[in-house]
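# Structural features, examined
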Amino acid sequence: MSSTFGGLNTVVRGLLAQQMSLDTVGHNIANANTEGFSRQRVNLATVTPQTIYAGRGQVQLGAGVETQSITRLRDTFVDQQMWKESSTLGYGQTALSTLNKIEGVFQEPTETGMQSVLNNFWTAWNTLSTHSSDNSARTALRERAVEMVDAIQQANTQLRNMVSDINTVIGIRVDSVNQITSEVLTLNKQIAGIEVGKVDNANDLRDRRDYLVDQLSKMINVNVSEDTKGNYVIQSSGFVLVDGNELNKLKVQSRQDADYGYEVVDVADASSSLVINFTNGEIKGLIDSRDKTSATSSGEARESDTGIKAYLNKLATMSQFLLQEFNAVHRTGFGLDNSTGNNFFGKGGDADPDYGASDLTSVFGVASASDVPPSEWIKALQVNPDLFDTTNGLGRIAAKSFSKNITIDKSNSEAGGASVSLYDSYTGGTGYKAYSVELGLVDAAGKVHTINYSVDGGPVVTATLDADGSFHLSNGVQISIEINSHNSSTNTYSFTVPQGNAAGDNAVNMANRLKVDPSDLLGKSSLDTFYGSFIGALGVQTQNAKRLTTNQDTLVSQITNWRESVAGVNMDEEMSNMIRFQKGYNAAARILTTMDEMLDKLINGTGVVGR
């Protein structure tokens, strides 16, 4: 038969089990809003029953309940999915943030953006083409050029500052990684100590460790495995960050960018200085946002020019175009002072370099344009200082394509000298036109009042002296003849005028070089098209990054909900459990009271009959 007092043990076990379950419910409720907490559950099992002898043989008498363990509810598969997708989200958010900042540098499309500056510069050339002798138009053009150079240089400075900011953030992220892995190592040792023998479970410590891995996975790609002792072994790109015994810290090491000379930092193993190439996460996003160009993509999916360096390359290409090809057109033209070979951008001086192959060595110290660091093109971009000379700086702007020094032959060497010039309405075709001029009405003082002229042997046309003392021919050529006593109606003058060379024709050429003419350097595009193309690409890249980040954020949210459905604390469920365990505890206590009354009767009432 069973022990008289055996039932007490059964009830006490029940009380302790229900109390432990209630305590766990309280722990869950208290941590319902604790980030990274996983709800816990008491695992109950029946105690090995007692074997007793009844009237017909042996029977198994239940001995109550025992608490086997307290475990947390966690799905390791969901955790692995979360860590993988969090890295992708961290990369996308970082890339999107940088692209938004790059858009802020160029400020398109706004009235203060670089496109407006380019348009203003182009408009100033068009204005000069019709007012080539107007110093106010020349001054406006020069200042528009200064505005454009300032816009390029300011964009260059802002982009370089962004590189410096990214270097700083990478350093902060590396410190965070080291701090997290250091704490994971401590937790590994604590968890292994508590769980030795596989008897106990370090639930709260495991929650803390998983929460740290959640944070780590946003910054770098991680591969997490658990050894037989319960230690996390965390690797990233083949590099072991932490295991049960050791911690391998990271560091940032500085180097100089070969193209732009600014400082860049790489992430490396602190002990070996071996650079670690992360494949995902915020740090990878920061590095790509700083350095990524199509030339460095190596066939990766993210192969477009999305990094800050790629947009610095665009500015360098624009600067090279202005210094080489735009300057080349300007150098072929002539200023008001008939000077030629002048740069519009870059260095001035007695012998302006043409920034072509012949002058690259003297300017940059290299023989080939491909060897010139991109930063040097940007650094060299300035409006020619000679154009600011107070004596004749504006006169150096080459709005025309010939010097107006036209040779004139005259039949009477003693007759008055003549000069030929072109005014703004001059139009012409290709080649040269031969002019023959015969004097018409000449007064007694030798002043010429009319002339008869023909072009290329065509019809003879009479022109009358204008108020300014010159003859304005119908096609925009003007001729002036000095007063001389030897002037007579028999005197003739002949000269040729190069066609297509109006007083502002080179200004038209300069304007076309900005808006119309394609350039091999700019990928068969004009400067205007080149700029518009990469700004358009920037907008598409930003939209694409936003779309991918939004989709990834939705995916991570789904995985988070999936995880919460398993590990999250549901207050309704916990309240139901509380009532259930409370009822169980009350019932066990009631049984204990009943057994106490039975034993009291047995002990105190037995053997008193007849007393």
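Notes on the structure follow.

Parameters at a glance
- Residues numbered from 1 in each chain as written.
- Predicted model: local features only at pLDDT ≥ 70, side-chain atom pairs only at ≥ 80, totals over all residues.
- Heavy atoms only, no water.
- Salt bridge = Lys/Arg side-chain N within 4 Å of Asp/Glu carboxyl O.
- Helix = DSSP H or I, 4+ residues; strand = E, 2+ residues; numbered from the N terminus.
- Buried < 20%, exposed > 50% of the residue type's maximum accessible area, 1.4 Å probe, protein only.
- Phe/Tyr/Trp six-rings, centres within 6.5 Å; stacked < 30°, edge-to-face > 60°.
- Lys NZ or Arg CZ within 6 Å of the ring centre and 35° of its normal.
- Expected span 1.5 Å × (residues − 1).
- Pairing = 2+ DSSP bridges.
- Axes fitted to C-alpha atoms, helices over the stretch in contact; angles between N-to-C directions.
- Contact = heavy atoms within 4.5 Å.
- Parallel < 35°, antiparallel > 145°, perpendicular 65-115°, else oblique.
- Left-handed = near helix turned anticlockwise from the far one by under 90°.
- Nonpolar A, V, L, I, M, F, W, Y, C, P; charged D, E, K, R; others polar.

Moving on: the pattern of salt bridges. When the charged atoms of two side chains lie near each other, side chains of opposite charge can form a pair. Counted under the stated rule, the structure contains 25 salt bridges. Close ionic contact of Glu573 with Arg39 constitutes a salt bridge, the shortest N to O distance being 3.3 Å. One end of the pair, Glu573, is in helix α12 (residues 571-605); the other, Arg39, is in the loop between α1 (6-30) and β1 (40-46), with 534 residues separating them in the sequence. Across the pair Lys309 and Asp259 runs a salt bridge, and its minimum N-O distance is 2.9 Å. With a gap of 50 residues between them, Lys309 in helix α7 (residues 308-332) and Asp259 in the loop between β8 (250-256) and β9 (263-269) connect regions that are remote in the sequence. Relative accessible area serves as the criterion here: at 14%, Lys309 is assigned to the buried category.

This part covers the packing of aromatic side chains. Overall, the coordinates contain 21 aromatic pairs when judged by the stated rule. Where Tyr531 meets Phe534, the ring centres are 5.1 Å apart and the plane angle is 80°; that geometry is what we call edge-to-face. Of this pair, Tyr531 and Phe534 both sit in helix α11 (residues 527-567), 3 residues apart, which is roughly one turn of the helix. On the accessibility criterion, Phe534 (4% relative accessible area) is buried. Among the aromatic side chains, those forming a connected cluster through ring pairs are Phe106, Tyr311, Phe530, Tyr531 and Phe534. Here Arg209 stacks its cationic end above the ring of Tyr232, 3.7 Å away from the centre of that ring. Over the aromatic face of Trp122 sits the side chain of Lys515, whose NZ or CZ is 5.0 Å from the ring centroid.

On to helix α5 (residues 203-219), then. With 17 residues, α5 extends 25 Å between its outermost C-alpha atoms, agreeing within 8% with the 24 Å of an ideal straight helix rising 1.5 Å per residue. Of all 17 residues that make up α5, 12 are buried, and the element is covered over most of its length. Within α5, burial applies to Asn203, Arg206, Asp207, Arg209, Asp210, Tyr211, Leu212, Val213, Asp214, Leu216, Ser217 and Met219.

With antiparallel pairing, 3 strands are arranged side by side in an open sheet as β5-β6-β7. What marks the edges here is a single partner per strand, and that holds for β5 (223-226) and β7 (239-242). Ignoring strand direction, the axes of neighbouring strands in this sheet form an average angle of 30°. Pairing geometry for β5 and strand β6 (residues 232-236), over 4 bridges, is antiparallel. Following the sheet pairing, Glu226 is matched in β6 by Tyr232. Sheet strands in contact with helix α4 (residues 135-194) are β6 and β7, and its direction is about 65° off that of β7.

A few words now on the pairing of β7. Sheet analysis places β6 next to β7, joined by 3 bridges and oriented antiparallel. What sits directly across from Ser236, in β7, is Phe239. The antiparallel hairpin formed by β6 and β7 contains 2 residues in its connecting segment, where Ser237 sits at a positive phi of about 55°.

What follows covers the side chain of Ser375. Mapped onto the fold, Ser375 is located in helix α9 (residues 374-380). You can call Ser375 buried: its relative accessible area is 12%.

The contact between helix α3 (residues 114-130) and α4 brings their axes to 9 Å, and the two run at 160°. As the angle between them shows, α3 and α4 are arranged roughly antiparallel. Between α3 and α4 lies a crossing whose hand is left-handed. Across the interface between the two elements, Met114, Val117, Leu118, Asn120, Phe121, Ala124, Trp125, Thr127 and Leu128 of α3 pack against Ala137, Arg138, Leu141, Arg144, Ala145, Glu147, Met148, Ala151, Ile152 and Ala155 of α4. Residue composition of the contact of α3 with α4, grouped by class: 14 nonpolar, 2 polar and 3 charged.

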